[in-house]
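Per-entry structural report
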Amino acid sequence: CQNDLGLVAATLRKKGVLVNFAVHPVAGRMPGHMNVLLAEADVPYEIVKEMDEVNPKLLNDDAENRQNVADVCLVVGANDIVNPLSQEPGNSISGMPTIRAWLAKKCIVSKRSLATGYANIDNPLFFKPNTEMLFGNAAKMIRELAAAVEKTAADMTEKKQNENAQRGDGYVALEDEEEDGGCTAACCPKVKPPPKPRVPTLLNIAVLRECDRPVPAEPCAAASKLVAVAPTFVEKLRDLGFGVLVESGAGKAAGFFDEVYEEAGATVVQDRNELIRRGQVIIKVTRPATEEVKIMTKGQYLVSYLWPRQCPDLLKALAQQGVSALALDNLPRISRAQKIDTRSSMANLAGYRAVIECFAKLPRMSKAATTAAGSFPPAKVFIIGAGVAGLQAIATAKGLGAQVFCNDTRAVTKEQVESCGGKFVAVDFHETGEGAGGYAKEMSAGFLRAQKRVYSKVIKDMDVVICTAMIPGKPSPKLVDSEMVRSMRAGSVVLDMAAEMGDLKAGWGGNCQLTKKGTTYTDAKSGVIIVGETDLTDRLPAQASELWSMNVINLFQEIGGAEKLQRIGELIEDDEVCHDLLVTHDNRVLFQEAPPPQPARLPSIQKLKSKPVVGPESMPGSPTPFTEDANPFAQTVAERDEELQRKKEEMAKFLDQVYFVLSLAASLVLCVAMGEGMAARETRQLLVFVLAVVIGYHVVWQVTPSLHTPLMSVTNALSGVIVVGSMLEMDPYKPFSLGSGLAAAATTLASFNICAGFYLTGRMLKMFLRGTGN
């Protein structure tokens, strides 16, 4: 319902209403998910606020500031995160951070029912006198609300126009003219507002041209067609106190030429070294090369991808030069930082482009189609990983008519997958993959074995497999081995978005074992097309550059413009965003990778079996580094679950065998009984009938559905033979015998089959008659 919410917000803002969106830190169950949905609905970033911004300004209980409290608060689907009991002691959600919706003058809640949330506790908000409940499907209710708001706004505009029409001069002011504050008729020429005063330039931003191709001698350098600042955002940077210097040709690959930058107010500099020396703030999309770092001087600022975990030598070189470096890839996963998150922006585009690339290479259509010759089903797509890229890939593939399946180690993504139109493929193993900051974590060996069994069954029936699974600071998970790839049909496509971080030492190019980084090739043994390209966003350079520029603008606005950037060293203690972004400052490397959690040493599995575990407080030992002999509780649980899963599968196989034996025995007993009580002739007829039913059933159901209609015309002849044979078997002297009854039933059923066959065959033939008059 985000599009309808965006329409409501746009309509209200057009009428001068102050509108803000409040996003709870856990909204959407995935970092950035709610922001992505709102961005798709064209909701401006500046009105999307986090909980800590909304509560003190618009939802406060300060008597002196009650005039600033929100007039209306619309709650869509939320429960526990707007529960006022969080402010009271003695319940399960006491102290939980919540959006104080109950303090608004009027609260409208859209929910399916009054059922409790995850905390299983009633919400008094639903029963407050200032609350109005809208029960039903949220999408339908918000759609109706949007229509009502639009109608009210249109009525207000019409009323205003009617009032203006009675001025006496016959002039009717339009809505956009009212907003501009005056009449635009010839008798009332519109006065141009005075030009906005120019903010003085405090710092110069240097926008460098990215490398056209990777540099083999620079393991930390990369190539890109993007430009860090698009021309349309030059004006916004100048309003923040920055001058903009652009290297000549920096935007050419993205379709932004030097002339466009000059028209926007930027200065184009020809010499790269001179540009780096003149700029106090250097912005790049990719990591800087060694030669570029050597030119930088003390006091300069660098904003770029730096990958501090993988490139520690680069951080040391920047610190040695005295550069204050902001690593955009080290952004904390909090609500306030989502508008700055370039990784989510780029992943969104990459997920879209991945689907386009796959269907461009797939030798078949993506959607189902029906023709005169028959029909064929939609392509089947399996997406591994339901992050930002995975969700966008699901939505894109579904929009192209494909049948989409998805798996993620984080069970909470199931709802997001289904909301995008995909079907969630679950792994029957009791372990969750939720890691720090909403990212996935490494899974146990038991889970990986169970996951492999599921993937082996699913992938062989897929036309497209898109791998998006990555773990920060770790090699890409090894998920799709060579056997799975070679079980797919020839012409199928496997695209590996995790090829950038493949574990090459272990022989894996990414999530897929056969991936070759930066290469697309066809596997000789299976005919499967394997795509390992890592430049998906570079194939949408203009839009990717604009999204990147938006993130950079939001970063500088969050810091406070050029003035506050010069004092960023003072902000890192109090500002969580700046604390994580700033990785070098004052000739020091500030980046520190968080150490892994240190599990407590627990008893062995044999001791755990012999002695019940009461809780963590009863487990002896002090925290020690993880070792194989420590047997932490999580590993014990995983082993237990794996053992239960194995026993469950063994029991299912055993029951299948028992059912088969019992069925066989019952069939033998029935055959013996019928043989003793029936004549030899009738026994032979019954045997032929049973065999005909069994063989006919398997023959028909093994035929492709698109061939059922032509098959009907062929079976007419067989049905005719059956009718003749069954009629000959009727005994006029014993009409009520078993043989005569079976013959009569066969005649009736075969007659129906003949009639239906001729009818359907006639319809099929008419499809091929084109204006013959027959």
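1. What about the overall build of the protein?
Check the secondary structure of the protein and you find 24 helices and 22 strands. Considering only contacts within the protein whose residues lie at least 6 apart along the sequence, 65% involve residues at least 24 apart. For the protein, the accessible area works out to roughly 42,400 Å², and carbon and sulfur atoms hold 58% of it.

2. Some words on the environment of Met-501
Among the structural elements, Met-501 can be located in the loop between strand E18 (493-496) and strand E19 (520-522). For the pair Met-501 and Ile-471, spaced 30 residues apart in the sequence, the C-alpha separation amounts to 9.2 Å. Setting aside its immediate chain neighbours within four residues, Met-501 contacts Gln-310, Met-470, Lys-474, Pro-475 and Ser-476.

3. Considering the packing of aromatic side chains
Inspection of every chain in the model, using the stated rule, returns five aromatic pairs. The interplanar angle of 40° and the centroid separation of 4.7 Å between the aromatic rings of Phe-242 and Phe-556 together place this pair among those described as tilted. Note that Phe-242 is positioned in strand E7 (residues 242-247) and Phe-556 in helix H16 (residues 541-559), a separation of 314 residues in sequence. For Phe-556, a relative accessible area of 0% corresponds to the buried category. Summarising the aromatic geometry, the rings of Tyr-305 and Trp-548 are spaced 4.9 Å apart at their centres and angled 85° between planes, so their arrangement reads as edge-to-face.

4. Focus: the nonpolar core
Phe-242, Val-281, Ile-283, Phe-556 and Leu-565 are the most contacted members of the largest nonpolar core, which totals 49 residues. It is H16 that provides the largest number of residues to this core, a total of seven residues.

5. What to know about the sheet that holds strand E15 (residues 403-407)
What holds strands together in a sheet is hydrogen bonding between their backbones, with the strands either parallel or antiparallel. Taken in spatial order, the seven strands make up an open sheet running E16-E15-E14-E17-E18-E20-E19, and their pairing is mixed. At either margin of the open sheet sits one strand with a lone partner, and together these are strand E16 (423-424) and E19. The strands that helix H14 (residues 445-459) touches are strand E14 (380-384), E15 and strand E17 (464-467); relative to E14, the one it contacts most, it runs at about 160°.

6. Focus: the sheet that holds strand E11 (residues 324-327)
Reading across the sheet, the eight strands line up as E8-E7-E6-E9-E10-E11-E21-E22 and stay open at both edges, with mixed pairing between neighbours. Strands with a single pairing partner mark the edges of an open sheet, and in this sheet they are strand E8 (267-269) and strand E22 (588-589). Both strand E6 (residues 203-207) and strand E9 (residues 281-283) contribute to a ladder of three bridges, which runs parallel. If you follow Ala-206 over to E9, its bridge partner there is Ile-282. Across the sheet, H16 lies against E6, E7, E9, strand E10 (301-304) and E11, angled at about 150° from E9, the strand it touches most.

7. Concerning the pattern of salt bridges
Taken as a whole and judged by the stated rule, the model has 23 salt bridges. One salt bridge connects Arg-343 with Asp-341, and the closest N-O pair in it is separated by 3.7 Å. Overlapping salt bridges, with partners in common, bring together Arg-353, Glu-357, Lys-361, Glu-533, Asp-535 and Arg-539 in one network.

8. Some points on the state of the cysteines
Scanning all chains against the criterion turns up zero disulfides. Cys-73 forms no disulfide, and the closest cysteine sulfur to it belongs to Cys-107, at a distance of 4.9 Å. The closest cysteine sulfur to the non-disulfide-bonded Cys-420 is located on Cys-406, 9.1 Å from its own sulfur.

9. Remarks on the pairing of E6
When you tally the buried positions in E6, you get four out of five residues, the bulk of the element. Note: E6 against E7, five bridges, orientation parallel. Considered in E7, the bridge of Ile-205 is made with Val-244.

10. A look at helix H10 (residues 312-321)
Residues of H10 that are buried include every one of Leu-314, Leu-315, Leu-318 and Ala-319, and no others. Viewed along the axis of H10, the buried residues span an arc of 135°, placing them on a single side of the element. Of the exposed residues in H10, those oriented more than 90 degrees away from the buried face are Asp-313, Lys-316 and Gln-320. Structurally, H10 contributes buried residues whose contacts are with helix H9 (290-295), E10, E11, strand E21 (582-585) and E22. One or two positions beyond H10, positive phi appears at Gly-322, with a value near 80°.

11. Description of the pairing of E14
With four of five residues buried, E14 is to be regarded as a mostly interior element. Examined bridge by bridge, E14 and E15 share five bridges and lie parallel to one another. In the sheet register, Lys-380 faces E15, and the bridge partner there is Gln-403. Assessed by its sense of winding, the connection that carries the chain from E14 through helix H12 (residues 388-399) to E15 is right-handed. In the sheet, E14 pairs with E17 via four bridges, with the strands oriented parallel. Bridge pairing in E17 links Val-381 to Val-464.

12. Structural notes on the confidence of the model for the protein
Looking at the protein as a whole, its pLDDT mean stands at 79, while 78% of the residues score no less than 70. Contacts for the low-pLDDT stretch residues 168-191, under 50 throughout, to residues beyond four places or in other chains number 28 contacts.

13. Things to note about the packing of helix H11 (residues 342-361) against H12
Across the interface, H11 lies against H12 with an axial gap of 7 Å and an inter-helix angle of 40°. Taken together, the axis directions place H11 and H12 in an arrangement best described as oblique. By crossing handedness, the relation of H11 to H12 is classed as right-handed. Residue-level inspection shows Ser-344, Ala-347, Asn-348, Gly-351, Tyr-352, Val-355, Ile-356 and Phe-359 of H11 in contact with H12, the latter providing Val-388, Ala-389, Gln-392, Ala-393, Thr-396 and Ala-397. A breakdown of the residues in the contact of H11 with H12 according to their chemical character gives nine nonpolar, five polar and no charged.

The rules we used
Residues numbered from 1 in each chain as written. Predicted model: local features only at pLDDT ≥ 70, side-chain atom pairs only at ≥ 80, totals over all residues. Heavy atoms only, no water. Helix = DSSP H or I, 4+ residues; strand = E, 2+ residues; numbered from the N terminus. Contact = heavy atoms within 4.5 Å. Areas by Shrake-Rupley, 256 points an atom, 1.4 Å probe, with all protein chains shown as cover. Phe/Tyr/Trp six-rings, centres within 6.5 Å; stacked < 30°, edge-to-face > 60°. Buried < 20%, exposed > 50% of the residue type's maximum accessible area, 1.4 Å probe, protein only. Core = buried A, V, L, I, M, F, W, Y, C linked by side-chain atoms within 4.5 Å. Pairing = 2+ DSSP bridges. Axes fitted to C-alpha atoms, helices over the stretch in contact; angles between N-to-C directions. Salt bridge = Lys/Arg side-chain N within 4 Å of Asp/Glu carboxyl O. Disulfide = S-S within 2.5 Å. Arc of directions from axis to C-beta. Right-handed = clockwise from strand over helix to strand, strands pointing away. pLDDT = per-residue confidence, 0-100. Parallel < 35°, antiparallel > 145°, perpendicular 65-115°, else oblique. Left-handed = near helix turned anticlockwise from the far one by under 90°. Nonpolar A, V, L, I, M, F, W, Y, C, P; charged D, E, K, R; others polar.

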